[in-house]
Amino acid sequence: MKLPLLFAACLFFVLPAHAQHKHGEGQLDVVIDKDSVTLGLELPLDATVGFERTPKNDKEKAALAAADKVLKDAATLWLPTPTANCTVQSAQVQVPFTGGDDQHAQHQHEGAAHHADIDARYVFRCANPAALKSVETTLFKHFKRLYRLEVQRVGPSGQGAQRLTPKAPVLSW
Ligand SMILES: [Zn+2]
């Protein structure tokens, strides 16, 4: 693995681990390393489709497929500072119950309620990294059940935390 990517991967370890999920609230880890930006997203499945179990009918299957499609469209979901000229390098998205082995994504809390998380990872490369001062998200426009995104950021200007909401969807530093 190239050194910058290794450095970015190591930086993920300095960010605090995530607690059990709260419905309506997601977690976002942002690592800025030279010209690359890595975004690690964790969302309760409930915040996207309103359920956290195997789909019962075609309508629910379609909702999962639609969420998967939205989450894979990184260039629409994440808008870095335009003058930084960032382009998508990769988008890895794991939406539970979309056909693969979903056991790992499902966990149980007290009272036997089942929960499931979406995990996604996006990498952008910026042609003008010096201009990179913000990343706006359109997640709240796509998922009306999502009302908060807790962000942990680490990069050349240090570490920081920020809360994004439908009214304040721009992470800036
Ligand atoms: Zn849940």
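Shown above is the structure to which this text applies.
A brief report on the enclosed structure follows. What you are looking at is a predicted structure, and each value in this text was computed from that prediction instead of being measured.

Cut-offs and rules
- Residues numbered from 1 in each chain as written.
- Predicted model: local features only at pLDDT ≥ 70, side-chain atom pairs only at ≥ 80, totals over all residues.
- Heavy atoms only, no water.
- Donors = N, O, S within 2.8 Å, 3.2 Å for Na, K, Ca; no water.
- Tetrahedral: all angles 85-135°; square planar, octahedral: opposite > 155°, others 65-115°.
- Helix = DSSP H or I, 4+ residues; strand = E, 2+ residues; numbered from the N terminus.
- Buried < 20%, exposed > 50% of the residue type's maximum accessible area, 1.4 Å probe, protein only.
- Salt bridge = Lys/Arg side-chain N within 4 Å of Asp/Glu carboxyl O.
- Polar contact = N/O pair within 3.5 Å; in protein donor to acceptor, adjacent residues only side chain to side chain.
- Disulfide = S-S within 2.5 Å.
- Contact = heavy atoms within 4.5 Å.
- Pairing = 2+ DSSP bridges.
- Axes fitted to C-alpha atoms, helices over the stretch in contact; angles between N-to-C directions.

This part covers the coordination of the zinc ion. In this structure, H21 (NE2), H23 (NE2), E52 (OE) and H115 (ND1) serve as the protein donors to the zinc ion, at separations of 1.7 to 2.1 Å. Taken together, the four donor atoms surrounding the zinc ion define angles of 98 to 125° at the centre, an arrangement classified as tetrahedral. Look at where the donors of the zinc ion fall in the sequence and you get H-x1-H-x28-E-x62-H. With H23 in the loop between α1 (3–14) and β1 (25–33) and H115 in strand β6 (residues 114–126), this pair connects stretches of sequence that are 92 residues apart. The class of H23 is partly exposed, set by a relative accessible area of 35%. Under the relative-accessibility criterion, H115 is labelled buried at 11%.

For the rest of this paragraph, the subject is the pattern of salt bridges. Evaluation of the coordinates by the stated rule reveals seven salt bridges. A salt bridge links E25 to R148; the shortest N-O distance between them is 3.2 Å. One end of the pair, E25, is in strand β1; the other, R148, is in strand β8 (residues 148–155), with 123 residues separating them in the sequence. Residue R148 is classed as partly exposed on the basis of its relative accessible area, which comes to 24%.

Turning our attention to the side chain of D68. Positionally, D68 belongs in helix α3 (residues 58–72). Engagement of the side chain of D68 in a polar contact is seen with the side chain of K72, the distance being 2.6 Å.

Let us now look at the state of the cysteines. Evaluated as defined, the whole model comprises one disulfide. C86 shares a disulfide with C126; S-S distance 2.0 Å. The sign of the S-S torsion, about 100°, decides the handedness of the disulfide formed by C86 and C126: right-handed. A residue pair is termed long-range when its members are at least 10 positions apart, and C86 in strand β4 (residues 86–94) and C126 in strand β6 qualify at 40 residues. For the residue pair C86 and C126, the accessibility class agrees, reading buried in each case.

As a further point, take the environment of Q89. The topology assignment puts Q89 in strand β4. On the basis of relative accessible area, Q89 is assigned to the partly exposed category, the value being 44%. Along the backbone, Q89 and V123 are 34 residues apart, and their C-alpha atoms lie at a distance of 5.3 Å. Discounting residues that sit within four places of it in the chain, Q89 has contacts with V123, F124 and R125. Reaching out from Q89, the side chain makes a polar contact with the side chain of T87 at a distance of 3.3 Å.

For the rest of this paragraph, the subject is the sheet that holds strand β7 (residues 134–137). Judged by pairing direction, the sheet is antiparallel, and its three strands sit side by side in the order β3-β7-β10 without closing on themselves. The open sheet has two free edges, formed respectively by β3 (78–80) and β10 (170–172), since each of these has just one partner strand. Averaged over all adjacent pairs, the angle separating strand axes in this sheet is 20°, with direction ignored. Pairing of β3 with β7, which is carried by three bridges, proceeds in the antiparallel orientation. Directly across from P80, in β7, lies its bridge partner V135.

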